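Here is what each chain is made of, one letter per residue.
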Amino acid sequence: MSALFFFDNLEVTDPAALETYKNSVGPVVAKYGGRYRTLGGAVTVFEGSWQPRYPVIIEFDDADRARAWYNSEDYSALKALRQSAVVCNAVLIEGL
C-alpha cells in the first residue's frame, strides 16, 4: 500500500538554509524509494477553507519505507535543517 508524506510549508524563516536543504534532499529521498509528486504549484480549494501555502508530496511504496526515510540517519541532519528553515505541517497518509 503506497504512502504519501505531505508537507505544507507555511512560512520560510531562513531562505539560505532552505535552499541548501532543497539542493541536498533529493538523493536521500530516492535512496528510500521516494518520488516527488508535488513540489509547490498552484492550489485550488474546492471545499472548506484550508489554504496550503507550498505543498510538497513525496510518495513511497509503503508507510514502512516512508517512516524509514523520515527517521533515518541519512535524513536526520537534513530534517533538522528543514525544520530550522521553515514553519510547516507534515503528515503521513497511507493510500491504496
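Structure shown above.
For every chain, the first residue of the written sequence is number 1, and numbering continues from 1 along that sequence. Given that this is a predicted model, residues contribute local features only at a pLDDT of at least 70 and side-chain atom pairs are listed and counted only at 80 or more, while totals for whole chains, interfaces and linings are drawn from all residues. As a convention, hydrogens and water are excluded, and side-chain values are obtained from all of the structure's heavy atoms.

Draft legend 1. Representation of the overall build of the protein in the model. Only runs of H or I of at least four residues qualify as helices and only runs of E of at least two qualify as strands under DSSP, and these elements are numbered from the N terminus. Along the backbone of the protein there are three helices and four strands. In sequence order, the protein lays out its α and β elements as β-α-β-β-α-α-β. Computed over C-alpha atoms, the radius of gyration of the protein comes to 13 Å, within 12% of the 12 Å expected from 2.2 N^0.38 for 96 residues, which places it in the range of a compact globule. Each principal axis of the C-alpha atoms in the protein carries an extent, and together these give about 35 × 35 × 15 Å. Using C-alpha atoms as the atom set, the radius of gyration is obtained and then compared with a globule rule of 2.2 Å times the number of residues to the power 0.38.

Draft legend 2. Summary view of the packing of aromatic side chains. In summary, the pairing rule links any two rings of Phe, Tyr or Trp, Trp by its six-membered ring, whose centres are within 6.5 Å, and it sorts them by plane angle into stacked for under 30 degrees, edge-to-face for over 60 and tilted for everything else. Within this structure, the stated rule accounts for ten aromatic pairs. Seen in terms of ring centroids, F5 and Y70 are 5.1 Å apart; in terms of plane orientation they differ by 25°. Their pairing is stacked. Remark: Y70 occurs in helix α2 (residues 63–70) and F5 occurs in strand β1 (residues 3–12); sequence separation between them is 65 residues. Using a 1.4 Å probe on the protein chains alone, a residue whose accessible area is under 20% of its type maximum counts as buried, one over 50% counts as exposed, and one in between counts as partly exposed. With a relative accessible area of 6%, F5 lands in the buried category. Taken together through their ring pairs, the aromatic side chains of F5, F7, Y21, F60, W69, Y70 and Y75 make up a single cluster. Seen from the ring of Y70, K79 lies directly overhead, with NZ or CZ sitting 4.0 Å from the centre. Whether a charge lies above a ring is judged from NZ of Lys or CZ of Arg, which has to be within 6 Å of the ring centre and within 35 degrees of the ring normal.

Draft legend 3. Up close: helix α3 (residues 73–85). The end-to-end C-alpha distance of α3 is 19 Å, a good match for the 18 Å that 13 residues give at a rise of 1.5 Å each. Among all positions in α3, only Y75, L78, K79, R82 and A85 are buried. Where α3 is buried, its residues meet β1, α1 (15–31), α2 and β4 (86–94). Here, expected helix span is obtained from the residue count minus one, scaled by 1.5 Å. The contact definition used throughout considers only heavy atoms, calling two residues in contact when any of these lie within 4.5 Å.

Draft legend 4. The pairing of β1, seen in detail. Judged from the six bridges that link them, β1 and strand β3 (residues 55–60) form a sheet pairing that is antiparallel. Each bridged residue has a counterpart across the sheet, and for A3 the counterpart in β3 is F60. Strand pairing is defined by DSSP finding a minimum of two bridges between the two strands. Direction of pairing for β1 relative to β4: antiparallel, over a ladder of nine bridges. Bridge pairing links F7 to A90 in β4.

Draft legend 5. Expanded view of the sheet that holds β3. Strand order in the open sheet formed by four strands is β2-β3-β1-β4, and the pairing between neighbours is antiparallel. A single partner strand is all that each edge strand has here, and the edge strands are β2 (35–39) and β4. For this sheet, the mean inter-axis angle between neighbouring strands, taken without regard to orientation, is 20°. In this description, a line fitted to the C-alpha atoms serves as the axis of each element, helices being fitted only across the stretch in contact, and the angle between N-to-C directions of two axes falls anywhere from 0 to 180 degrees. Relative to the sheet, α1 contacts β1, β2, β3 and β4, its axis offset from that of β2 by approximately 145°. Packed on one face of the sheet, α3 meets β1 and β4 and runs near 125° to β4.

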